[in-house]
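Inside the fold
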Amino acid sequence: PRNFNWEDPLNSHALLTEDERAISETAEAYCQERMLPRVLEAYRNEDFDQKIMEEMGELGLLGATINGYGCAGVSNVASGLITKAVERVDSGYRSGMSVQSSLVMGGIDEFGTQEQKDKFLPLMAKGKLLGAFGLTEPNHGSDPGSMETVAKPHPTKKGYLSISGAKTWITNSPIADVLMVWAKYQETGKIRGFLIERKDCPPGTLETPHIKNKNGLRASLTGMIQLDECPVPEANMFPNVEGLRGPFACLNSARFGIAWGVTGALEDCIARTRTYALERKQFNGNPIAKYQLVQKKLADAVTDAAMGTLAAIQVGRLKDTGTAAPEMISLIKRENCDRALRNARILQEVFGGNAVSDEYGIGRHVANLFVTQTYEGQSDIHSLILGRAITGIQAFV
Ligand code: TGC
Ligand code: FAD
């Protein structure tokens, strides 16, 4: 039978369970009906509507792979499908969700004490408490191991640590209630994770200034985290994880999510370009979709989106069985982000001058996809992670 579907050319749908299909349909319906109508204004005004997190919470889309605490406990593939639905609308909305779900809730679920889990996870699952993840610093992005933020015993408050330092480019930081900050613990010199609650910080010890005028990811809020001898209870430190393994374990899930999400953004670029190319006529009244050069652009993009989806499903299945190596996640994060960005840039050409109008959506995806290629390990850094695994020689320093 000739059942080729350009929207799912390799029939990845056939690899999904009934539950995964149902979750995907729920997420896609919410995103298309409720999120999409808001994105143009949000992007123009650099405005993130916090209600979106609560709406996602009501639908069970936050921290979806976590078992218990009001979370859905779904497969990694199902969570990838949710991410893809959100990023089909906008990478910025997916960013807000990734930080909440994969980085902060995922980190608390993996490394938190029972008290920390009980306190934060149920409210975060409902989107009523918002999280941020602070690893990157002004002088240390690709190399977080050299971070300068430090946690030392508090000089006056017993049972408290004092944290000082600056984090930058932090998604959600201007509005986050709980900030997961990674700092060097002075006693051992090792990196440890801390949960800093905004409401408990005395004035002047925590500032989270908004980084404005971004030229990508404008529907997501980004800021700094500035800590000046901020008192943090010792009970808010993750007890049993030290070194970079802590933040990188959180990043494994978030990077996996990005590999899924960007295929959603690319698929939206494909659908928008196809519609435009069929409607726009040039030379003898022909739709530009008739011209081979335009068709090749679509063929390349559809091929890369299909391959990216299959690879993400495979890694998701391995992740469910606990057998996904971090290098596999680096492989799909790098490849899917690079391909999505490259194809989106080329598809943008099909819109001619209209590509410059934000009404067409394609320019927004291109600007966003640059950021996806940069954060959570820039693509060249993932090349070096893979190169190290292939050769046994590390090339970072
Ligand atoms: P290296 O020697 O490679 O590793 C140090 C320790 O960490 C362990 N480890 C991992 N553990 C779990 N999962 C992983 N993926 C891991 N990778 C490494 C490793 O076993 C070792 O453990 P131990 O116990 O022996 O100490 O460390 P390195 O300093 O040489 O690392 C180099 C490099 C380049 C790989 C790493 O620093 C890196 O990945 N850099 C990229 C930085 C990054 O991804 N930043 C992300 C910031 S968060 C963010 O961008 C959120 S955006 C969210 C959004 O808005 O969507
Ligand atoms: P640099 O590390 O200075 O790198 C600059 C360039 O040099 C890159 O191309 C890099 O690949 C290259 N390079 C660096 N070292 C090497 C090397 N050894 N070999 C070859 N090339 C190299 N961080 C968080 O902690 N939490 C967040 O929520 C968060 N959200 C973000 C949101 C946005 C919108 C953005 C833009 C960033 C966000 N980040 C966040 C930060 C992001 O993770 C960093 O920007 C990223 O890790 C790169 O670090 P850097 O910007 O310092 O670049």
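Residues numbered from 1 in each chain as written. Chains lettered and ligands numbered in written order. Predicted model: local features only at pLDDT ≥ 70, side-chain atom pairs only at ≥ 80, totals over all residues.

The name an unreviewed UniProt entry gives the chain is glutaryl-CoA dehydrogenase (ETF), with Calycina marina as the organism. According to the UniProt record, the Cofactor (unreviewed entry) comment for the chain reads "FAD". Per its UniProt entry, the chain bears the Catalytic activity (unreviewed entry) comment "glutaryl-CoA + oxidized [electron-transfer flavoprotein] + 2 H(+) = (2E)-butenoyl-CoA + reduced [electron-transfer flavoprotein] + CO2". (UniProt positions renumbered as here; feature names shortened; annotations may be inferred.)

In the vicinity of ligand 2 there are 21 residues, among which Leu135, Thr136, Gly141, Ser142 and Gln378 approach most closely. The set of elements that each furnish at least two residues to the shell around ligand 2 consists of β3 (131–134), β5 (160–171), α9 (362–374) and α10 (379–391). Residue composition of the shell around ligand 2, grouped by class: eleven nonpolar, eight polar and two charged. (Near = placed C-beta within 6 Å. Helix = DSSP H or I, 4+ residues; strand = E, 2+ residues; numbered from the N terminus. Nonpolar A, V, L, I, M, F, W, Y, C, P; charged D, E, K, R; others polar.)

So, about the UniProt feature "domain: Acyl-CoA dehydrogenase/oxidase C-terminal" (unreviewed entry) in the chain. Listed under "domain: Acyl-CoA dehydrogenase/oxidase C-terminal" (unreviewed entry) in the UniProt record, and renumbered for this structure, are residues 248–390. End C-alpha atoms of residues 248–390 are separated by 20 Å, and the span's content is 76% helix alongside 0% strand.

With that settled, consider the site of ligand 1. Around ligand 1 sit 26 residues in total, of which Ser95, Thr171, Phe248, Pro326 and Gly377 are the nearest. Residue assignment for the shell around ligand 1 shows that the elements contributing at least two residues are α4 (91–111), α6 (245–279) and α10. Within the shell around ligand 1, the residues separate by chemical class into 14 nonpolar, nine polar and three charged.

For Tyr69, which is not a glycine, the phi torsion comes out positive at approximately 60°. Mapped onto the fold, Tyr69 is located in the loop between β1 (67–68) and β2 (71–72). For Tyr69, a count of 18 C-beta atoms within 10 Å translates into the label partly exposed. Located in the positive-phi region is Asn172, a residue other than glycine, with phi close to 70°. With respect to the helices and strands, the residue Asn172 is situated in the loop between β5 and β6 (178–185). Among the residues examined, Asn172 registers 28 C-beta atoms within 10 Å and is labelled buried. (Buried ≥ 20, exposed ≤ 12 C-beta atoms within 10 Å, placed from the backbone.)

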